[in-house]
Amino acid sequence: MAFWSSTSAFTSKVPRKILFMFTLSLSVTYLFYSLMSCYNSLQFPLQENHVYQARVVTEETTSVAFREKLYSTTTHAYIDEDLIYKTSTVQTVTGYVVSTVDHSEDAESKRRETEWVGTPLAHTEMIAGGLNAVSGREHQESSTIDDDLSRRVNCTPDYGVKKLPQAIIIGVKKGGTRALLEALRVHPDVRAVGVEPHFFDRNYEKGLDWYRDLMPSTLEGQITMEKTPSYFVTNSAPKRIHSMAKDTKLIIVVRNPVTRAISDYTQTLSKRPEIPTFEVLAFKNRTLGLIDASWSALRIGIYALHLESWMQYFPLSQIHFVSGERLIVDPGGELARVQDFLGLKRIVTDKHFYFNKTKGFPCLKKPEDSSAPRCLGKSKGRTHPKIDSDVIHRLHKFYKPFNMMFYQMTGQNFQWEQEEMQ
Ligand SMILES: Nc1ncnc2c1ncn2[C@@H]1O[C@H](COP(=O)(O)OS(=O)(=O)O)[C@@H](OP(=O)(O)O)[C@H]1O
């Protein structure tokens, strides 16, 4: 009673207008905090790719660690003078995923590698990242994490629908495929899965639903993409991709096969330092100058041979070739051609890149809402071991007829022979 009487005394003393204003301001404050808590999910997909919730996923990741750390709000990514992050666990970095997975290498490459630093991953990509971090883990598990995330991270589910990719970077391994994909992801109409799904070579039996589920959701007008460089040398891949969708656009990043082979070897060497030298592996019989073309590092570079199988299923107009060399010296130019091929507006231009002297490669400039420029990780742009010049020369000779055939098939001269003359 006392309460009611004091309340009515209070209301009678305070003008109604003030009471109304007070109630209104309380409601507005409440509304503001509700909206803030949904902020993560509301951002997507209104801004560029790099505004999604982010995770740092690396090789030490375990399912448990993934779950535990997924919701951490502490930033533990390190940045060195070169502005290149070094990471070691799964961490949440506001607005960015600091690494993605690259499974282009065979057994040893199941390890996770730090890729573009500060690269954003969409919701599904994080799931795939977490999933792939734990070898042998089935997709079922990723779905669990997915649901969990939807509940705990997003106030609303992911926007758009998951679609099978309309464009795939099918190769070549060590050509510059990661650099290309990450640059394309800057485009607001490109949504790509950060991990290499290896669907058409290793996971085909899992079915198209599994594959589609790995993809990020897209809105109308957005293109879904993925990259798995080993598709290019997988015999069954052309037929399989064709049977998924015969209008799939294919992108192949090619690089001088000799440098590509050395890059491939350098990657293996970094994981297995005990392997024989490049010179030993390159020859069946060095005295006779007999090249071992069955060595995968060399076989991958016989582009004409592999391209032939693709051309049995896809017209050339559906295949776009990117020069790995030009992608480094003129990323804007190469990106312009790729965007044209994909039917996209030329949004990713020179303005998005700067040359990082320490890295020795172009890096993506920092987006407006971040403090981090984005260079690829340490596994991209490794220092190659010095290879005997006569071996290099012998390899150039070996590749020359195949390169000529490749230029003829594609109608483009990639000028790898010029490099030999320099
Ligand atoms: N911007 C930028 N930053 C770093 N590295 C760049 C870039 N553009 C192209 N490259 C070259 O990409 C090579 C790795 O190729 P991939 O990404 O196709 O490798 S992988 O197949 O996915 O492992 C990598 O090969 P290596 O130099 O031999 O490490 C680079 O030369």
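Residues numbered from 1 in each chain as written. Predicted model: local features only at pLDDT ≥ 70, side-chain atom pairs only at ≥ 80, totals over all residues. Heavy atoms only, no water.

K.L.:
What should I look at first to understand the sheet that holds strand β5 (residues 190–192) in this one?
P.N.:
The five strands lie next to each other as β5-β7-β4-β8-β11, forming an open sheet whose pairing is parallel. Edge strands, defined here as strands with exactly one partner in the open sheet, are β5 and β11 (319–323). For this sheet the average axis-to-axis angle between neighbouring strands, irrespective of direction, equals 25 degrees. Across five bridges, the pairing between strand β8 (residues 249–254) and β11 is parallel. Residue isoleucine 252 lies in a different strand from β11, and its bridge partner there is phenylalanine 321. Sheet strands in contact with helix α7 (residues 177–184) are β4 (167–171), β5, β7 (223–227), β8 and β11, and its direction is about 160 degrees off that of β7. (Pairing = 2+ DSSP bridges. Helix = DSSP H or I, 4+ residues; strand = E, 2+ residues; numbered from the N terminus. Axes fitted to C-alpha atoms, helices over the stretch in contact; angles between N-to-C directions. Contact = heavy atoms within 4.5 Å.)

K.L.:
Help me out: how do you make sense of the nonpolar core in this one?
P.N.:
The nonpolar side chains of a soluble globular protein tend to be buried with one another. Core analysis: the biggest nonpolar cluster contains 32 residues, and Tyr211, Tyr231, Ile241, Trp310 and Phe406 have the highest contact counts within it. For this core, the leading source of residues is helix α13 (residues 303–311), giving four residues. Every residue in contact with tyrosine 211, bar those within four places of it in the chain, is listed here: Leu164, Pro165, Ile168, Pro197, Phe199, Phe200, Glu226, Tyr231 and Met244. Among the nonpolar cores identified, the runner-up in size contains 23 residues, and Leu180, Ala192, Ile223 and Val348 belong to it. (Core = buried A, V, L, I, M, F, W, Y, C linked by side-chain atoms within 4.5 Å. Buried < 20%, exposed > 50% of the residue type's maximum accessible area, 1.4 Å probe, protein only.)

K.L.:
For this particular structure, what's the right way to read the packing of aromatic side chains?
P.N.:
Aromatic ring pairs are reported here in terms of the distance separating the ring centres and the angle at which the planes meet. This model, assessed by the stated rule, comprises 22 aromatic pairs. Centre to centre, the rings of phenylalanine 278 and tryptophan 295 are 5.3 Å apart; their planes meet at 65 degrees, and the pair counts as edge-to-face. Here the residue phenylalanine 278 occupies a position in helix α11 (residues 278–282), and tryptophan 295 occupies one in the loop between β10 (290–291) and α12 (296–299), the gap between them amounting to 17 residues. Side by side, phenylalanine 278 and tryptophan 295 carry an identical accessibility label, which is buried. Pairing phenylalanine 406 with tryptophan 416 gives two aromatic rings, centres 6.2 Å apart and planes at 15 degrees, and the pair type is stacked. Pair noted here: phenylalanine 406 is in helix α16 (residues 389–410) and tryptophan 416 is in helix α17 (residues 416–421), with a separation of ten residues, a long-range link. Three or more aromatic residues joined by ring pairs make a cluster, and in this case those are Phe232, Tyr303, Phe321, Phe406, Tyr407, Phe414 and Trp416. (Phe/Tyr/Trp six-rings, centres within 6.5 Å; stacked < 30°, edge-to-face > 60°.)

K.L.:
Hey, could you run me through the pattern of salt bridges in this one?
P.N.:
Side chains that carry opposite charge are capable of pairing whenever their charged atoms lie near each other. The final tally for this structure, using the stated rule, is twelve salt bridges. Arginine 260 is the partner of aspartate 264 in a salt bridge, and the nearest nitrogen-oxygen pair spans 2.9 Å. Highlighted residues: aspartate 264 and arginine 260, both in helix α10 (residues 257–271), separated by four residues, approximately one helical turn. Close ionic contact of glutamate 334 with arginine 337 constitutes a salt bridge, the shortest N to O distance being 2.8 Å. Taken as a pair, glutamate 334 and arginine 337 lie in helix α15 (residues 331–341) at a separation of three residues, close to a single helical turn. With relative accessibility at 36%, the residue arginine 337 sits in the partly exposed group. Counted as one network, the salt bridges with shared partners bring together Lys173, Arg260 and Asp264. (Salt bridge = Lys/Arg side-chain N within 4 Å of Asp/Glu carboxyl O.)

K.L.:
What is the right way to look at the layout of surface pockets in this model?
P.N.:
Unoccupied space between atoms shows up once a probe the size of one water molecule is rolled over them. When its volume is computed, the largest pocket comes out at roughly 570 Å³. In terms of lining, the largest pocket is formed by 36 residues, of which the most central are Gly176, Arg255, Ile328, Phe361 and Gly381. Listing elements by their share of the lining of the largest pocket, those giving two or more residues are α7, α10, α14 (324–329), α15 and β13 (361–364). With five residues, the top contributor of residues to the lining of the largest pocket is α7. For the lining of the largest pocket, a count of residues per class yields 13 nonpolar, twelve polar and eleven charged. (1 Å grid on protein atoms, 1.4 Å probe; cavity = no way out; pocket = protein on both sides within 12 Å on 5 of 7 lines; lining within 4 Å. Points joined across faces, edges and corners; volume = space filled by probe spheres on them. Nonpolar A, V, L, I, M, F, W, Y, C, P; charged D, E, K, R; others polar.)

K.L.:
For this particular structure, what's the right way to read the state of the cysteines?
P.N.:
Taken as a whole, this structure holds one disulfide when the rule is applied. Here cysteine 363 is linked by a disulfide to cysteine 375, with a sulfur-sulfur distance of 2.0 Å. Handedness of the cysteine 363-cysteine 375 disulfide follows from its S-S torsion of about 100 degrees: it is right-handed. With a gap of twelve residues between them, cysteine 363 in strand β13 and cysteine 375 in the loop between β13 and α16 connect regions that are remote in the sequence. Cysteine 375 matches cysteine 363 in its accessibility class, with the two residues each being buried. (Disulfide = S-S within 2.5 Å.)

K.L.:
Help me understand the UniProt feature "binding site: 3'-phosphoadenylyl sulfate" (unreviewed entry) in the protein chain, please; the structure alone is not making it clear to me.
P.N.:
Under the UniProt annotation, the feature "binding site: 3'-phosphoadenylyl sulfate" (unreviewed entry) is placed at Lys174, Gly175, Gly176, Thr177, Arg178, Arg255, Ser263, Lys380, Gly381, Arg382, Thr383 and His384. Looking only at the residues we just named, the largest pocket is lined by Lys174, Gly175, Gly176, Thr177, Arg178, Arg255, Ser263, Lys380, Gly381, Arg382 and His384. With respect to the helices, strands and loops of the structure, arginine 382 is situated in the loop between β13 and α16. At 3.4 Å, the side chain of arginine 382 and the backbone oxygen of serine 379 are in polar contact. (UniProt positions renumbered as here; feature names shortened; annotations may be inferred. Polar contact = N/O pair within 3.5 Å; in protein donor to acceptor, adjacent residues only side chain to side chain.)

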